[in-house]
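Summary of the model geometry
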Amino acid sequence: STDSSFAYLHGASNIIPGLENALHGKKAGDEMNVSVSPQEGYGERDDAKTQQVPKEMFPEDAEIEPGMQFHAQGPNGETIVVSVSSVEDDTVTVDGNHPLAGQTLVFEVEIQAIRDATDEELRLGEVIS
């Protein structure tokens, strides 16, 4: 259970779809428990996003350990974040799935305040604090 407050721009896909859908039409002071399926969260786990790479592809002096995250290049040239799942003698297994992929997520939500977005926030698609 994590206690954190954040502001987001509703309708701009700044948060996972299942949570945004559950918050639609709510008002300040509303409290709710929201359960979000993997399909409306971070997706199902995709085994194709796990691969073994030669240890020599990492910096020579790096202590590679499970749980570490690295930026890598995806199949279409995009930057993706991969997590190290295991380290063998000369092979590192990396996983490009989001750490919460495949999980049903449960949120306890209290809406503290709602305000209209500024023109600049609408243009940028995110909240300016």
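Residues numbered from 1 in each chain as written. Predicted model: local features only at pLDDT ≥ 70, side-chain atom pairs only at ≥ 80, totals over all residues. Heavy atoms only, no water.

What follows concerns the overall build of the protein. For the protein, the helix and strand inventory stands at two helices and six strands. For the protein, whose C-alpha radius of gyration is 19 Å, the value lies well above the compact-globule estimate of 14 Å for 129 residues. If one aligns the C-alpha atoms of the protein with their principal axes, the spans along those axes are about 55 × 30 × 25 Å. The buried share of the protein, taken over its 129 residues, is 25%. In the protein, the proportion of contacts linking residues at least 24 apart, taken out of those at least 6 apart, comes to 56%. With the model as given, the accessible surface of the protein reaches about 9,600 Å², and the carbon-plus-sulfur share is 45%. Each charge class in the protein was averaged separately, 7 positive and 25 negative side chains, and the resulting centres sit 8 Å apart. (Helix = DSSP H or I, 4+ residues; strand = E, 2+ residues; numbered from the N terminus. Rg over C-alpha atoms; globule rule 2.2 N^0.38 Å. Buried < 20%, exposed > 50% of the residue type's maximum accessible area, 1.4 Å probe, protein only. Contact = heavy atoms within 4.5 Å. Areas by Shrake-Rupley, 256 points an atom, 1.4 Å probe, with all protein chains shown as cover. Lys, Arg positive; Asp, Glu negative; His and termini not counted. Charge placed at Lys NZ, Arg CZ, Asp CG, Glu CD.)

This part covers the sheet that holds strand S3 (residues 69–73). Consider a sheet: its strands pair through backbone hydrogen bonds, and that pairing is either parallel or antiparallel. Pairing in this open sheet of four strands is antiparallel, and the strands run S2-S5-S4-S3 from one edge to the other. Strand pairing shows two members of the sheet lacking a second neighbour, strand S2 (50–54) and S3, which therefore form its edges. Averaged over all pairs of adjacent strands, the angle between their axes in this sheet comes to 45 degrees, without regard to strand direction. Where S3 and strand S4 (residues 79–87) come together, five bridges link them in antiparallel fashion. Pairing of Ala-72 across the sheet is with Ile-80, part of S4. (Pairing = 2+ DSSP bridges. Axes fitted to C-alpha atoms, helices over the stretch in contact; angles between N-to-C directions.)

All quantities given are derived from atomic positions and should not be read as evidence of function.
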